[in-house]
Amino acid sequence: MTQQERQIERLFKQHYRAMYRLASILLHDDDESKDIVHDVFAQLLSEQVELRDDTAQSYLLLSVRNKCLNVIRNRKIHEQVHRYLMLADELEQTSPEKLEREIEALRAGINNLFPPICQEVISLHFTDGLPFREIAKRLGVSETTIYKHLRNALDQLRQTLKMAEQ
């Protein structure tokens, strides 16, 4: 066994629990958490990284966190693709007349949003694709205010679409 392998084995014994705990908290999946921790150590072996004792724990925990964030991001992407595919299936089954009625109801609902800032927030976020921070800066309010107006607007639009379906 090489000196590097002994060092990695020592680090594994010393930091595995904390690394696993972090991964488990972030991912809520035991098997995936174990895989993440093992991947970090496998990467250390393959890249022949030497860690100093004073920075090893920080490096290892940061590596686990970054790998977990990548997994979470990939999960979100898969969920979005799944939702889009379900929406596409639903749209294919919807008659053009019904779809046109829903679009018209949505347009009317947007035009009737109250307070009027809700219209502006909807437009800036969904039409212009601006993030909350940019919208808040443009309108001179906090991001929390933008979030609340967007939530209010979406609630109003849901009600509008429900009434249009009846």
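Student: So what exactly am I meant to see when it comes to the pattern of salt bridges here?
Tutor: Once their charged atoms are close, side chains differing in charge can pair, the charge on each being opposite to the other. Tallied over the full model, the rule gives eight salt bridges. In this structure, the salt-bridge partner of Glu 9 is Lys 13, at a minimum N-O distance of 3.4 Å. Of this pair, Glu 9 and Lys 13 both sit in helix 1 (residues 3–27), four residues apart, which is roughly one turn of that helix. Residue class for Lys 13 comes out exposed when judged on its relative accessible area of 65%. When the shortest N-O distance is used, the salt bridge between Glu 134 and Arg 138 registers 3.7 Å.

Student: Is there a simple way to think about a negative patch on the surface in this case?
Tutor: On the surface, Asp 30, Asp 31, Asp 35 and Asp 39 cluster together to form a negatively charged patch. Here Asp 30 shows up in helix 2 (residues 30–47).

Student: Please clarify how unusual backbone geometry should be interpreted in this entry.
Tutor: Most of the time, phi is negative for any residue but glycine, and the peptide bond is trans. Looking along the chain, the bond that leaves Phe 114 and enters Pro 115 is cis, with omega of 0°. Note that Pro 115 resides in the loop between helix 4 (96–111) and helix 5 (117–127). You will see that His 28, though not glycine, has its phi angle at about 55°, which is positive. For His 28, the position within the fold is in the loop between helix 1 and helix 2.

Student: Would you take a moment to explain the environment of Glu 50 for this structure?
Tutor: Summarising the element assignment, Glu 50 is placed in the loop between helix 2 and helix 3 (53–93). Considering only alpha carbons, one finds Glu 50 and Thr 2, 48 residues apart in sequence, at a separation of 12 Å.

Student: Any chance you could explain the environment of Asp 128 here in plain terms?
Tutor: Take Asp 128: it is sitting in the loop between helix 5 and helix 6 (132–139). In sequence terms Asp 128 and Leu 161 are 33 residues apart; their C-alpha atoms lie 23 Å from each other. Those residues in contact with Asp 128, other than ones at most four positions away along the chain, are Ser 123 and Arg 138.

Student: What is the right way to read helix 7 (residues 143–165) from this model?
Tutor: Since the α-helix advances by 3.6 residues per turn, residues separated by three or four positions end up pointing in the same direction. The end-to-end C-alpha distance of helix 7, which contains 23 residues, comes to 33 Å, matching closely the 33 Å that a straight helix rising 1.5 Å per residue would cover. The complete set of buried residues in helix 7 reads Ile 146, His 149, Leu 150, Ala 153 and Leu 157. On its buried face, helix 7 sits against helix 4, helix 5 and helix 6.

What counts, and at which threshold
Residues numbered from 1 in each chain as written. Predicted model: local features only at pLDDT ≥ 70, side-chain atom pairs only at ≥ 80, totals over all residues. Heavy atoms only, no water. Salt bridge = Lys/Arg side-chain N within 4 Å of Asp/Glu carboxyl O. Helix = DSSP H or I, 4+ residues; strand = E, 2+ residues; numbered from the N terminus. Buried < 20%, exposed > 50% of the residue type's maximum accessible area, 1.4 Å probe, protein only. Patch = residues over 30% accessible without salt bridge, like charges linked within 9 Å, V, L, I, M, F, W, Y side chains within 5 Å. Areas by Shrake-Rupley, 256 points an atom, 1.4 Å probe, with all protein chains shown as cover. Lys, Arg positive; Asp, Glu negative; His and termini not counted. Charge placed at Lys NZ, Arg CZ, Asp CG, Glu CD. Contact = heavy atoms within 4.5 Å. Expected span 1.5 Å × (residues − 1).

None of the figures reported here should be taken as evidence of function without further support.
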